[in-house]
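Structural overview
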Amino acid sequence: MSDAVRRLGLVLGDQLSFDLSLFDALDPARDAVLMAEVSEEACYVPHHPQKIVLVFSAMRHFAQALETRGWRVIYVRLDAPDNSGSLAGELRRWHAALGGPALHLSECGEWRVEEALRTGGLSLNWHVDRRFLCSREEFARWAGNRRQLRMELFYREMRRRSGLLLEPDGGPLGGSWNFDADNRKALPKGARGPFPARFRQDVITREVVALVGERFASHYGRLEGFDYPVTHAEAQELWQHFLEFSLPSFGDYQDAMAEGEPYLFHARISAALNIGLLDLRQLCADVESAHRQGQVPLNAAEGFIRQLIGWREYVHGIYWLRMPDYAALNVFGNRRALPELYWSGRTEMRCMAQAISQTLELGYAHHIQRLMVTGNFALLAGIAPSAICEWYLAVYLDAFEWVELPNTLGMVMHADGGYLGSKPYCASGRYIQRMSDHCGACRYRVDRATEDDACPFNSLYWHFLMRHRDHLGRNPRLAMAYRNLQRMDESRVAALWQRGEQLLARLDAGEAL
């Protein structure tokens, strides 16, 4: 066996792409591919059971597809008796068993994984992860010596580089680079999103579900009902469903929230994209084509493409530019533990209960639920960044550290002091009232701030601004908020502070809100 393998390529669970760069260095006739399900990756945070099912089932399907294409695949199942439990351990074990072939890898998605492999005592040949438009090195060159890296400027550069949504003269289609102002509409009363695309579990997925139910029963989140795509063909079906039924309305209502509507007009493709089942370039080309053919309005097409080649590429660049130090940033010095309600969903705050219960059931919440509900609460309550970052990484199917950490630590918690975003995304309950129908069914009153039945977001918002006035008071994007605070009479300010203190004390005592 060792004589037959000249090179061994390691494919990780979030690298399930036939265009992975390491394949360029391998010959199916002489080389082999190693894939391994390991407990270390399933347990370093308590991943949602459906997330583990997604990755392991997609890995098994991908291994079969590689074999169909003529590749020799060494596949290590989680329950294999000689499984070492770690990627580095499996790479060392098979390197020795095969007589020391040359080892090839594509760049990892997570710093932790890449560091473990780089320091594992083996000589490795690394290949650029070309699933991204902008490589780590290219992003570092763009960043240069800039003190702040603004996504909008990076996004415009990526539009020029990719040629997407440009006029013949190179300017932006429609005369503007960004139509975000058109993408903040509340959902009309009674409106609902299309029926979501769902996928039946095949024999492979059912085997994985049984395995996960046996091995990871203690992990938070519901295992039953898994219906996500686990193959490239299924991921394409999900993508086509979004293009046909949801993308035309995605722009207008991408920030909206509604009772009992977890998906609305969102694509739900991020998990499939992040593990390699979809190709970024194809998605962008499809969206541009749909707009130019008159099927999709420009604000929807631009907004979706901005999420992919703007924000997604941007946070990937930030992550690899600043790790590992970035993970430890905590500019506000927050130390509060993550409240138990994040794991149970038991709270009388309707918006929080909806977002968290949905997360535990589906492993999914769209970006406004993450940013302006669960994230906003964590920011206002002063939760330790590491605690909320771990929660997001554990509970969402699409969460891998390269995308989760900058979004949570930088955008949600502003823990990097404004390196990623120019202002904290803090808001009172009025924002949630404007963008959802949650407040009407809530026991708290969104039109009150200091009373016992007042929406907790209201007093916590002002409490946050008061306690961080020295740090945020000169931020021009918060100038209006601080002017409003300055205009309040002393009794009002004192009442807001007292109500905020009471709510935080209840969190510290482990009480539900």
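Preceding this paragraph is the structure being described.
So, here is what we can say about the structure in this document. Keep in mind it's a predicted model, so treat the numbers as computed, not measured.

This part is about the overall build of the protein. Within the protein, the regular secondary structure consists of 22 helices and 5 strands. Structurally, the protein occupies a C-alpha span of about 80 × 60 × 50 Å along its principal axes. When the 513 residues of the protein are sorted by exposure, 60% land in the buried category. Within the structure as shown, the protein displays about 20900 Å² of accessible surface, and the carbon and sulfur contribution to it stands at 48%.

With respect to the element layout, Val128 can be found in the loop between strand E5 (124-127) and helix H5 (136-143). A relative accessible area of 41% means that Val128 is categorised as partly exposed.

Another aspect to go through is the sheet that holds strand E3 (residues 73-76). The 5 strands lie next to each other as E3-E2-E1-E4-E5, forming an open sheet whose pairing is parallel. The open sheet has two free edges, formed respectively by E3 and E5, since each of these has just one partner strand. With strand direction ignored, the average angle separating the axes of adjacent strands in the sheet is 25°. In this sheet, strand E2 (residues 32-36) lies alongside strand E1 (residues 7-10) in parallel orientation, the contact comprising 3 bridges. Its bridge partner being in E2, Leu10 is matched across the sheet by Leu34.

Next up on the list: the pattern of salt bridges. Throughout the structure, instances matching the rule amount to 31 salt bridges. Between Asp252 and Lys185 there is a salt bridge, with the nearest N and O atoms lying 3.5 Å from each other. Of this pair, Asp252 sits in helix H9 (residues 247-253) while Lys185 sits in the loop between helix H6 (151-162) and helix H7 (203-215), and the two are 67 residues apart along the sequence. A cluster of three or more residues bridged by salt bridges with shared partners is formed by Glu37, Arg60, Arg77 and Glu207.

Let us now look at helix H14 (residues 350-362). Helical periodicity: at 3.6 residues per turn, an α-helix aligns residues three or four positions apart in one direction. Across its 13 residues, H14 extends 18 Å between first and last C-alpha, which sits within 8% of the 18 Å expected from 1.5 Å per residue. Among the residues making up H14, those that are buried are Cys351, Met352, Ala353, Ala355, Ile356, Gln358, Thr359, Leu360 and Leu362. Buried-residue contacts for H14 involve helix H2 (49-68), helix H13 (341-344), helix H15 (367-381), helix H16 (385-395), helix H18 (429-435) and helix H19 (456-467). Immediately downstream of H14, the backbone of Gly363 shows phi near 65°, a positive value.

We now examine unusual backbone geometry. Along the chain, Met323 connects to Pro324 via a cis peptide bond; the corresponding omega equals 5°. Relative to the assigned elements, Pro324 resides in the loop between helix H12 (298-322) and H13. A positive phi angle is found at Leu165, which is not glycine, with a value near 55°. You can see Leu165 is positioned in the loop between H6 and H7. Residue classification places Leu165 among the buried positions, given a relative accessible area of 0%. Residues other than glycine seldom take positive phi values, yet His414 does so here, at roughly 50°. By secondary structure assignment, the location of His414 is in the loop between helix H17 (401-412) and H18.

With that settled, the discussion passes to helix H21 (residues 479-487). Listing the buried residues of H21 in full gives Ala481, Tyr482 and Leu485. Buried residues in H21, looked at end-on, bunch into an arc of 95°, giving them a common side. Facing away from the buried side of H21, by more than 90 degrees, are the exposed residues Met480, Gln486 and Arg487.

Here is what the cut-offs are and how they apply
- Here, residues in each chain are numbered from 1, in the same order as that chain's written sequence.
- Totals for whole chains, interfaces and linings use every residue, but because this is a predicted model, local features are given only for residues with pLDDT of at least 70 and side-chain atom pairs only at 80 or more, for both listing and counting.
- Each side-chain value is worked out from all heavy atoms of the structure, with water and hydrogens disregarded.
- Secondary structure elements are taken from DSSP: a helix is a run of H or I of four residues or more, a strand is a run of E of two residues or more, and numbering for both begins at the N terminus.
- Remark: exposure states derive from per-residue accessible area (1.4 Å probe, protein chains only) relative to the maximum for the residue type, with buried under 20%, exposed over 50%, and partly exposed in between.
- Working definition of accessibility: Shrake-Rupley area with a 1.4 Å probe, residue cover restricted to the visible protein chains.
- Two strands make a pair as long as DSSP finds a minimum of two bridges between them.
- Note on definitions: angles span 0 to 180 degrees between N-to-C directions of axes, and those axes are lines fitted to C-alpha atoms, for helices only across the stretch in contact.
- For salt bridges, the criterion is a side-chain nitrogen of Lys or Arg within 4 Å of an Asp or Glu carboxyl oxygen.
- Helices are assigned an expected span. That span is 1.5 Å times one less than the residue count.
- Residues are treated as being in contact if the distance between any of their heavy atoms lies within 4.5 Å.
- By construction, the arc corresponds to the directions joining the helix axis to the C-beta atoms.

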